[in-house]
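# Breakdown of the fold
One letter stands for each residue in the lines below.
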Amino acid sequence: MLTLLNYPLHSIGFIPHGHCYLWQTGLVWLHIISDATIALAYYSIPFLLIYFISKRQDVPFNGVFILFGAFIIACGTGHLIDIWTLWHPDYWVAGSLKALTAIISIYTAFALFYLMPQALTLPSPAQLEVINRALTSEIVQRKRIEQELRKAEEVAQNASQAKSEFLANMSHELRTPLNGILGYTQILQRTESLSEKGRKGVSIIYQCGSHLLNLINDVLDLSKIEARKLELNRVGFYFPAFIDSVVEICRIQAEQKVIAFHLQLDPDLPTGIYADEKRLRQVLINLLSNAIKFTHEGSVSFQAKVISQESNADGKITNYKIRFEIADTGAGITPEQTQKIFQPFEQVGNQKRQSEGTGLGLAISQQIILLMGGQIQVQSELGKGSTFWFEVQLPESKDWAKVSRVVEQGTIIGYQGQKRTILIVDDKWENRSVIVNLLEPVGFTVIEASHGQEGWEQAVAHKPDLIITDLVMPVSDGFKFIKRLRWSNQFKKIAVIASSASVFAADQYKSVDAGANIFLPKPIEAEALLELLRKLLQLQWIFDGKADTIKKTDAGGMDHLEKMISPSNEVLQQLLELAQDGDIQLLLESVQELSTSDEQLSTFTEQIIQLASNFQLKRLESFIQQHIN
């Protein structure tokens with residue numbers, strides 16, 4: 001042992017290992033070649049292990065691979081030392097290397113002992129084959145399911161397209177007779193001398209027809225909602241007149257069922273607001289109509305109040321947070337039903353009531369209010385009634401009067417300049433009749449044609465200043481007719497209005513692409529048609545000075561209090577007391593006497609009569625109080 005410690009590398013006194021082979025050339029070379037080949041093979045294995053570890057760092061046994069590589073390198077070096085000792089008897093070095101190899105091998109063996117249980121958990125080739133077959137089967141199954149889903153999606157898309165086309169075609173058929181209903185109500189209002197009762201009746205017909213038209217359009221909104229294409233069209237409008245129009249429609253429904261209808265309006269409501277008038281009306285009418293439908297006795301209450309208001313930094317725009325609330329004393333619904341009523345085609349209540357609707361109203365209304373930044377909420381108790389409400393942020397509109405500027409000027413009775421000729425091409429006589437009766441009293445010469453070919457012949461014969469044409473007609477449709485006009489030198493620049501009940505946006509774009517100046521949807525609004533004629537023919541209207549009451553309520557009444565002549569404070573106080581007592585009949589009689597005794601009070605009395613007739617007591621009290629102050 002002392003010798004080992006004192007002379008670890010000392011080789012003096014030893015003879016080279018080659019003497020053991022008697023330096024026989026063949027035997028020496030046999031050992032040299034064998035040891036060198038073994039060493040080379042040993043050295044190649046660690047390099048392959050290092051390459052494997054670098055590429056597969058996720059393998060959990062990399063530490064053992066490193067130990068195994070060190071062991072193999074030590075073994076290979078030992079074979080090289082055996083060649084060295086043939087001539088150089090450095091047996092201490094050779095022994096030390098063997099000792100190091102032994103230590104590495106023992107450490108590797110212990111490491112393998114601890115890792116053996118983990119290695120045994122690795123799946124065998126047979127098990128891997130089973131797993132691969134299962135995975136292959138699962139992949140095939142998943143691909144089959146994906147193909148079925150794609151086919152189902154195609155079927156659903158085709159069904160949705162078929163539904164949209166059906167709804168569009170149905171809308172077209174319904175809008176055509178509505179064109180006559182709404183058109184002739186406007187004609188009667190403009191051309192006939194009606195009593196107050198008759199005028200109000202025609203106005204209600206127009207409002208109900210407009211409501212029916214809105215309902216037809218609402219059915220189409222379901223497709224837009226499902227396709228996420230529903231958008232809001234915000235405009236400024238006169239808020240009190242908007243509330244009046246909604247209340248008038250629903251009050252008639254309530255009167256038919258002999259139930260009370262209560263209206264509570266916050267006096268702080270803005271005069272003009274900026275919102276989607278059509279969509280907001282749609283939601284309110286839907287909620288009110290539902291409340292009336294499910295209330296057999298008792299009352300329905302409609303409340304609109306300001307929750308809060310705030311102005312922007314420069315103070316130019318005021319945002320009102322308004323709460324709309326509809327309460328009834330009807331059948332009520334269960335908590336379970338409240339979770340379902342906002343889903344499409346879901347209806348609650350008895351079977352008879354369910355058959356009266358489509359189950360789309362609340363679903364569409366909820367989506368509209370969500371777009372407006374609110375949410376419809378409901379609180380109900382079975383057998384006692386329900387309360388629906390929502391809160392929305394609505395900016396104040398100070399230029400709402402621009403919307404009704406033409407109406408305020410009065411009814412159009414003519415135009416300045418030479419007489420103009422208009423050609424109307426439509427295969428339905430009732431549609432042509434509406435336009436003829438709208439335009440002839442104003443001073444236009446109107447020529448009629450029932451299809452595109454006849455329209456061309458009439459255009460050549462009469463050389464009109466403007467053409468209004470339908471799109472879907474027999475013999476020759478509107479698209480071909482418009483293109484023929486644009487191809488001819490004679491009518492290349494004539495003004496053309498394409499008008500149709502089609503709700504397909506593609507038809508509207510196609511008509512403009514064919515050469516129409518603008519598209520006008522049916523049913524035709526008189527004001528919209530006359531405004532297009534004014535722009536396209538550069539006309540200046542002549543008015544009779546009387547306000548057209550079919551489209552707008554007296555929008556300037558509340559806005560021009562300072563221009564009204566009001567009675568004495570004593571009379572105003574008496575009227576205020578009657579309003580506070582709710583004695584509408586005596587109030588109306590008193591106002592009629594005032595109007596008869598003094599014509600200068602006519603503007604004031606008309607406003608009182610309008611508010612009292614619609615039972616808008618809060619606004620009535622506020623109106624009288626402002627004149628007292």
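Procedures and definitions
- Residues numbered from 1 in each chain as written.
- Predicted model: local features only at pLDDT ≥ 70, side-chain atom pairs only at ≥ 80, totals over all residues.
- Heavy atoms only, no water.
- Core = buried A, V, L, I, M, F, W, Y, C linked by side-chain atoms within 4.5 Å.
- Buried < 20%, exposed > 50% of the residue type's maximum accessible area, 1.4 Å probe, protein only.
- Helix = DSSP H or I, 4+ residues; strand = E, 2+ residues; numbered from the N terminus.
- Contact = heavy atoms within 4.5 Å.
- Pairing = 2+ DSSP bridges.
- Axes fitted to C-alpha atoms, helices over the stretch in contact; angles between N-to-C directions.
- Right-handed = clockwise from strand over helix to strand, strands pointing away.
- Phe/Tyr/Trp six-rings, centres within 6.5 Å; stacked < 30°, edge-to-face > 60°.
- Lys NZ or Arg CZ within 6 Å of the ring centre and 35° of its normal.
- pLDDT = per-residue confidence, 0-100.
- Patch = residues over 30% accessible without salt bridge, like charges linked within 9 Å, V, L, I, M, F, W, Y side chains within 5 Å.
- Areas by Shrake-Rupley, 256 points an atom, 1.4 Å probe, with all protein chains shown as cover.
- Salt bridge = Lys/Arg side-chain N within 4 Å of Asp/Glu carboxyl O.
- Lys, Arg positive; Asp, Glu negative; His and termini not counted.
- Charge placed at Lys NZ, Arg CZ, Asp CG, Glu CD.
- Parallel < 35°, antiparallel > 145°, perpendicular 65-115°, else oblique.
- Left-handed = near helix turned anticlockwise from the far one by under 90°.
- Nonpolar A, V, L, I, M, F, W, Y, C, P; charged D, E, K, R; others polar.
- Polar contact = N/O pair within 3.5 Å; in protein donor to acceptor, adjacent residues only side chain to side chain.

### Observations concerning the nonpolar core
One broad rule of soluble globular proteins: the nonpolar side chains tend to lie buried together. Counting 45 residues, the largest nonpolar core has F239, F261, L284, F302, F324 and F390 as its most contacted members. Taken together, the elements giving at least two residues each to this core come down to α7 (239-256), β2 (260-265), β3 (272-275), α8 (277-293), β4 (299-311), β5 (318-328), α11 (361-371) and β7 (385-395). L284 has contacts with F242, V246, F302, F324, I326 and F390, leaving out every residue within four places of it along the chain. I412, V442, F444 and V446 belong to the second-largest nonpolar core, a separate cluster that totals 27 residues.

### A word on the sheet that holds strand β11 (residues 466-469)
The five strands are arranged β10-β9-β11-β12-β13 in an open sheet whose pairing can be described as parallel. At either margin of the open sheet sits one strand with a lone partner, and together these are β10 (445-449) and β13 (518-521). Each strand axis lies, on average, 25 degrees off the axis of its neighbour in the sheet, ignoring direction. By the bridge criterion, four bridges tie strand β9 (residues 421-425) to β11 in an arrangement that is parallel. Along β11, the bridge assignment pairs L423 with I467. Relative to β11, helix α15 (residues 478-487) is tilted by about 160 degrees, and along the sheet it contacts β9, β11 and β12 (495-500).

### A look at the sheet that holds β7
Pairing is mixed across the open sheet formed by five strands, whose spatial order is β2-β4-β5-β7-β6. Looking at strand neighbours, the two that pair on one side only are β2 and β6 (377-381), the edges of this open sheet. If you compare each strand with its neighbour and ignore which way they point, the axes differ by 15 degrees on average. For β2 and β4, the ladder comprises six bridges, and the chain directions are parallel. Its bridge partner lying in β4, F261 is registered against V300. Those strands touched by α7 are β2, β4 and β5, and its axis lies near 165 degrees from that of β2. Sheet strands touched by α8: β2, β4, β5 and β7. Its angle to β5, the strand with the most contacts, is close to 20 degrees.

### Section: the pairing of β11
Here β11 shows a buried face lined by L466 and I468 and a second buried face lined by I467 and T469. With four bridges joining them, β11 and β12 adopt parallel strand pairing. Among the inter-strand pairings, L466 is bridged to a residue of β12, identified as A495. Each parallel crossover has a hand, and the one from β11 via α15 to β12 is right-handed.

### Regarding the packing of aromatic side chains
If you walk through the whole model with that rule in mind, you get nine aromatic pairs. Ring centres of F237 and F242 lie 5.2 Å apart, and the angle between their planes is 55 degrees; this geometry places the pair in the tilted category. You can call F237 buried: its relative accessible area is 2%. Each residue in the set F237, F239, F242, F324 and F390 is aromatic and connected to the rest through ring pairs, giving one cluster. It is K510 that lies over the ring of F479; its NZ or CZ is 4.6 Å from the centre.

### Looking at the confidence of the model for the chain
Parts of the prediction with low pLDDT should not have their coordinates interpreted in detail. Taken over all residues, the pLDDT of the chain has a mean of 77, while the share at 70 or more is 77%. No element of the chain has a lower mean pLDDT than helix α10 (residues 351-354), which averages 44, and none a higher one than β11, which averages 92. Overall, residues 401-408 carries pLDDT values under 50, and its contacts beyond four positions in sequence, including any with other chains, amount to 11 contacts. Taken as a whole, residues 546-562 scores under 50 in pLDDT and shows 45 contacts with residues more than four places along the chain or in a different chain.

### Details of a negative patch on the surface
There is a patch of like negative charges on the surface, built from E577, D581, D583, E589 and E593. Counting residues per element, the ones that place at least two in the negative patch are α18 (569-581) and α19 (584-597). Mapped onto the elements of the fold, E577 is located in helix α18.

### A short note on the pattern of salt bridges
Summed over the entire model, instances satisfying the criterion amount to 11 salt bridges. R144 serves as the salt-bridge partner of E148, at 2.5 Å between the closest nitrogen and oxygen. Note that E148 and R144 are positioned in helix α5 (residues 125-191) at a spacing of four residues, about one turn of the helix. On the basis of relative accessibility, which here comes to 41%, the residue E148 falls in the partly exposed class. Taking the relative accessible area as the measure of exposure, R144 reaches 36% and is therefore partly exposed. Here D427 makes a salt bridge to K428, at a shortest N to O gap of 3.8 Å. K428 sits in the partly exposed class, given a relative accessible area of 26%.

### Focus: the packing of helix α14 (residues 452-462) against α15
Between α14 and α15, whose axes approach to 9 Å, the crossing angle comes to 30 degrees. The orientation of α14 with respect to α15, classified from their angle, is roughly parallel. Here α14 runs over α15; the crossing is right-handed. Across from G452, Q453, G455 and W456 in α14, the residues of α15 making contact are F481, R484 and L485. Here the contact of α14 with α15 is composed, by residue class, of three nonpolar, three polar and one charged.

### Section: the side chain of R420
Looking at where R420 falls in the secondary structure, it is placed in the loop between β8 (412-415) and β9. There is a polar contact of 3.2 Å between the side chain of R420 and the backbone oxygen of L537. In this view, R420 contacts Y415, F444, T445, D465, L537 and L539; residues no more than four positions away in its chain are not counted.

### Section: unusual backbone geometry
Phi is positive for V475, which is not a glycine, with a value near 65 degrees. Mapped onto the elements, V475 comes out in the loop between β11 and α15. One non-glycine residue with positive phi stands out, namely Q538, at about 55 degrees. Taking relative accessible area as the criterion, Q538 reaches 66% and is therefore assigned exposed.

### Thoughts on the pairing of β5
Most of β5 sits inside the fold, with eight of its 11 residues counted as buried. Of the pairings in the sheet, the one linking β4 to β5 comprises 11 bridges and is antiparallel in character. Bridge pairing in β5 links S311 to T318. Of the pairings in the sheet, the one linking β5 to β7 comprises nine bridges and is antiparallel in character. By the bridge assignment, I326 is partnered in β7 with F388.

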